[in-house]
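Examination of the molecular architecture
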Amino acid sequence: MEAAKNVNNGGPVAPKDPVKKRPFFFIMQGKQVYGSPQPDGRGIQFIYENDGRLIDAARLAGSITDDYMLDLLRTTAGFRKMVHSIGVSVSGRVPDEQVKFVMQMYPNTPGEPTTNIEKEFPMDGMENIIELSSVNWLASDHEIGQTRFEFARPGVQASVDVRFYLNDGFVAPIQREETLVDFASDNYKKMIARSLKLKGNTDRLEKLLAKAGAGEDITLGFIGGSITQGAGAIPIHEKCYARVFADEFEKKYAKGGKVDLVKAGVGGTPSELGMIRFERDVLRDGIKKPDLIVVEFAVNDEGDETKGVCFESLIRKAYSLPWKPAVVILFAVFSNDWNLQDRLGPVGVRYHIPMVSVLDAVSPQFMLLPEDGRVISKNQYFYDQYHPSNLGHQIMSDCIVNLLDAVNAEPSEYDEEVDLEKTEPAIGADFEKVVLVDRKELPRLKSRFGIEIVSEGSFTDTDKDLQHVEMDSEIKPVPEFPYNWCHEENAQSNDPFVMKITCSKLLLVHKDSGLPNAGTAVVYVDGKKVLEADPLKNGWTHCNAVIIHNGKRTKEHEVKIELAPGMEKKKFTILGFGVVE
């Protein structure tokens, strides 16, 4: 018999035996990403991995519990020791469209060059492998700082999986595929029902629903940190809990009237800043009169130097508005099942303000198996260790809707509203009357507070490199505190900013930065040094409010701000002041 010939007539070639995959774990599984508009016309999704975020992703998405393996993720050297290769798959609506995956290292010292791991491929859902042995590493690499998905155009939405394949000697737990969330299930409804921490006095919510039911226009206001800004929602302006709630409110409760969303979340900031920017960002300097104000700072206020006084001051500021809006306190949750509802809850109890706890809803069921009643896993709920995913934002919205449904079903628990003038604060309300003073507000408030800018000194420029946030239903970010005083780097002098002002309490709002050109400023009140404001302490561009005078009596004070010795050629920005008469 003639031996068989190996003939290929141009048809498909049989594949080789597949190479056995190494053990791996997810750091992202089914994560939604969105190309936010960039100045150069591209769309980019930034995912920050530093400060423990990557470790938390390994816990949440990869079920890694080995402390040694988690500790290796703290540094680039440890990452290289454990990880052999990175597997990335991206699924988009246009499979042939390209995406660039970038994993950027952060340096030991700010300003040093670092390595970018990059690979471009189509969004067809196929896994692409990047072997770390092919990467040209730099000695200055310290840690994995961020992951980016870069698109040729903005507005691209996709789902991504990222796996870390391990070097020999390392093992990972079996990676479980997630199950779908059944929003119609009894377990889901029970989970959402647990979020109602206090129904309180519902008169204002009843009036809100009656107004919407009568076909009148409604304004819904939200103030908080990055979760209220929409972090983790893809796209942020459509899937954040505030927008999802506004859409649901319009569909379920509004009978023909317009629903206007006022969203004022600023990432990384507590109620200490929220109370200062309330009139500008929520009331829009008197233009907006929200019928509902949701306050969400339960995961941002750990660093509040007043331990709740600023939060209660903000609540009273909202509650005392003359048109009597409904006020709701919303307690979000971090992936470690933590928030500050035990500290801040007494404020809601004192004023009979409705309170909604996402922690009470989701955390008890995280530890269950699906067959034991788990509705949603932590990996599904959280986008990262701090922020909810699209599913998480949906749940937050549903928790607020549950409150309104409860109001519809049962009358108010209280007959009369709390009289703020006759009610002692639960924690304190020293800053209830705080107002913002910046370049824009200065002419209007000058006589009220006896403000005299003795000298702007070297703070004559206006900083335009500011924290930007997506507000309302818009995707285009807007700058925070654009009417500022800036001492630019390489300024010709180090003359101090000097201001006289009559007040009892005073806060400085300054810009934090992660850039090496930022310098420390020294703050004096009445000749006494009260603060060294270091913009690099927090390591990224955002707004920082800090108390520089907290007195009992109203009197004139002199404030002086200048760059610290040796910092004269660095940059420092005074964003504004919070002032109490």
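That block above? That's the structure.
What comes next is a walk through the structure. Given the structure is predicted, the values throughout are model-derived calculations rather than measurements.

Scoring rules and cut-offs
- Residues numbered from 1 in each chain as written.
- Predicted model: local features only at pLDDT ≥ 70, side-chain atom pairs only at ≥ 80, totals over all residues.
- Heavy atoms only, no water.
- Helix = DSSP H or I, 4+ residues; strand = E, 2+ residues; numbered from the N terminus.
- Rg over C-alpha atoms; globule rule 2.2 N^0.38 Å.
- Buried < 20%, exposed > 50% of the residue type's maximum accessible area, 1.4 Å probe, protein only.
- Contact = heavy atoms within 4.5 Å.
- Pairing = 2+ DSSP bridges.
- Axes fitted to C-alpha atoms, helices over the stretch in contact; angles between N-to-C directions.
- Patch = residues over 30% accessible without salt bridge, like charges linked within 9 Å, V, L, I, M, F, W, Y side chains within 5 Å.
- Areas by Shrake-Rupley, 256 points an atom, 1.4 Å probe, with all protein chains shown as cover.
- Salt bridge = Lys/Arg side-chain N within 4 Å of Asp/Glu carboxyl O.
- Lys, Arg positive; Asp, Glu negative; His and termini not counted.
- Charge placed at Lys NZ, Arg CZ, Asp CG, Glu CD.
- Parallel < 35°, antiparallel > 145°, perpendicular 65-115°, else oblique.
- Left-handed = near helix turned anticlockwise from the far one by under 90°.
- Core = buried A, V, L, I, M, F, W, Y, C linked by side-chain atoms within 4.5 Å.
- Phe/Tyr/Trp six-rings, centres within 6.5 Å; stacked < 30°, edge-to-face > 60°.
- Lys NZ or Arg CZ within 6 Å of the ring centre and 35° of its normal.

As a further point, take the overall build of the protein chain. Looking only at helices and strands, the protein chain has 15 helices and 25 strands in total. Over its C-alpha atoms the protein chain spans a radius of gyration of 26 Å, differing by no more than 12% from the 25 Å that the globule rule assigns to 581 residues. Considering only C-alpha atoms, the protein chain reaches an extent of 110 × 65 × 40 Å along its principal axes. Burial statistics for the protein chain: of 581 residues in total, 56% are counted as buried. The contacts of the protein chain with a sequence gap of at least 6 include a subset with a gap of at least 24, amounting to 80%.

As a further point, take the sheet that holds strand E2 (residues 36-37). The sheet built from five strands is open, its strands ordered E2-E3-E8-E5-E6 with antiparallel pairing. On the outer flanks of this sheet lie E2 and strand E6 (116-122), each paired with one strand and no other. Where E2 and strand E3 (residues 43-48) come together, two bridges link them in antiparallel fashion. Within the sheet, the bridge partner assigned to Ser-36 lies in E3 and is Ile-44.

This next bit is on unusual backbone geometry. A cis geometry characterises the amide bond from Ile-234 onward to Pro-235, with omega recorded as -10 degrees. Phi at Asp-337 takes a positive value of approximately 60 degrees, unusual for a residue other than glycine. Within the element layout of this structure, Asp-337 appears in the loop between strand E14 (326-331) and helix H11 (341-351). Phi is positive for Phe-481, close to 55 degrees, though the residue is something other than glycine. With respect to the helices and strands, the residue Phe-481 is situated in the loop between strand E19 (478-479) and strand E20 (485-487). The exposure class assigned to Phe-481 is buried, which follows from its relative accessible area of 0%.

The strand order E10-E15-E14-E13-E11-E12 describes an open sheet built from six strands, whose pairing is mixed. The sheet is open, and its two edges are formed by strand E10 (196-198) and strand E12 (259-265), each paired on a single side. The mean angle between the axes of side-by-side strands here comes to 20 degrees, regardless of whether they run parallel or antiparallel. Relative to strand E15 (residues 355-357), E14 is paired through three bridges, and the arrangement is parallel. Along E15, the bridge assignment pairs Leu-330 with Val-356. Packed on one face of the sheet, helix H12 (residues 358-366) meets E10, E14 and E15 and runs near 20 degrees to E15.

Turning our attention to a negative patch on the surface. Taken together, the side chains of Glu-452, Asp-526, Glu-556 and Glu-558 make up a negatively charged region of the molecular surface. The residue Asp-526 is located in the loop between strand E22 (521-525) and strand E23 (528-533) in this model.

Quick look at helix H9 (residues 271-281) now. Across the 11 residues that make up H9, a large majority, 10, are buried. Among the residues making up H9, those that are buried are Ser-271, Glu-272, Leu-273, Gly-274, Met-275, Ile-276, Arg-277, Phe-278, Arg-280 and Asp-281.

Moving on, we come to the packing of H9 against helix H10 (residues 309-319). The description of two packed helices rests on the angle between their axes and on the distance between the axes. Running from N to C, H9 and H10 cross one another at 25 degrees; their axes reach a closest spacing of 8 Å. As the angle between them shows, H9 and H10 are arranged roughly parallel. Remark: the crossing between H9 and H10 carries left-handed chirality. Note on element contacts: H10 touches H9 through Cys-310, Phe-311, Ser-313, Leu-314, Lys-317 and Ala-318, opposite Ser-271, Glu-272, Gly-274, Met-275, Phe-278 and Glu-279.

Counted according to the given criterion, the structure contains 34 salt bridges. Across the pair Glu-127 and Arg-163 runs a salt bridge whose closest N-O atoms are separated by 3.4 Å. Separated by 36 residues along the polypeptide, Glu-127 in the loop between E6 and strand E7 (128-131) and Arg-163 in strand E9 (residues 157-166) bring together distant segments of the chain. For Glu-127, a relative accessible area of 24% puts it in the partly exposed group. Between Arg-243 and Asp-247 there is a salt bridge, with the nearest N and O atoms lying 3.3 Å from each other. You can see Arg-243 and its partner Asp-247 sitting in helix H8 (residues 241-252), four residues apart, about one turn around the helix. What you see here is one network of salt bridges that share partners, running through Asp-463, Asp-465, Glu-488, Lys-511 and Lys-571.

What follows deals with the nonpolar core. Ranked by internal contacts, the top residues of the largest apolar core, which has 49 residues, are Phe-249 and Tyr-381. Here this core gets eight residues from one element, more than from any other, and that element is helix H14 (residues 390-409). In this structure, Phe-331, Leu-420, Leu-575 and Val-580 belong to the second largest nonpolar core, which totals 47 residues.

The side chains of a regular strand alternate between the sheet's two faces. Across five bridges, the pairing between E22 and E23 is antiparallel. Paired with Ala-521 across the strands is Ala-533, a residue of E23. Hairpin geometry of E22 and E23 is characterised by an intervening segment of two residues between the two adjacent antiparallel strands and by a positive phi of about 55 degrees at Asp-526.

In this fold, Val-294 is placed in strand E13 (residues 292-296). A relative accessible area of 0% places Val-294 in the buried class. When the C-alpha positions of Val-294 and Ala-326 are compared, they lie 8.4 Å apart, and in sequence the two are 32 residues distant. When residues no more than four places from it in sequence are discounted, the contact partners of Val-294 are Gly-221, Phe-222, Ile-223, Tyr-241, Val-328 and Leu-330.

We now examine the packing of aromatic side chains. Scanning the entire structure with this criterion turns up 21 aromatic pairs. A centroid spacing of 5.4 Å and a plane angle of 45 degrees characterise the contact between Phe-24 and Tyr-165, whose relative ring orientation is tilted. Here Phe-24 is found in strand E1 (residues 24-34), whereas its partner Tyr-165 is found in strand E9, with 141 residues between them in sequence. With a relative accessible area of 3%, Tyr-165 lands in the buried category. These aromatic residues form a ring-pair network of at least three members: Phe-222, Tyr-241, Phe-245, Phe-249 and Tyr-253. Just above the ring of Tyr-383 sits the side chain of Lys-31; from NZ or CZ to the centre is 3.5 Å. A cation over a ring is seen here: Arg-280 above Phe-481, with NZ or CZ 4.2 Å from the ring centre.

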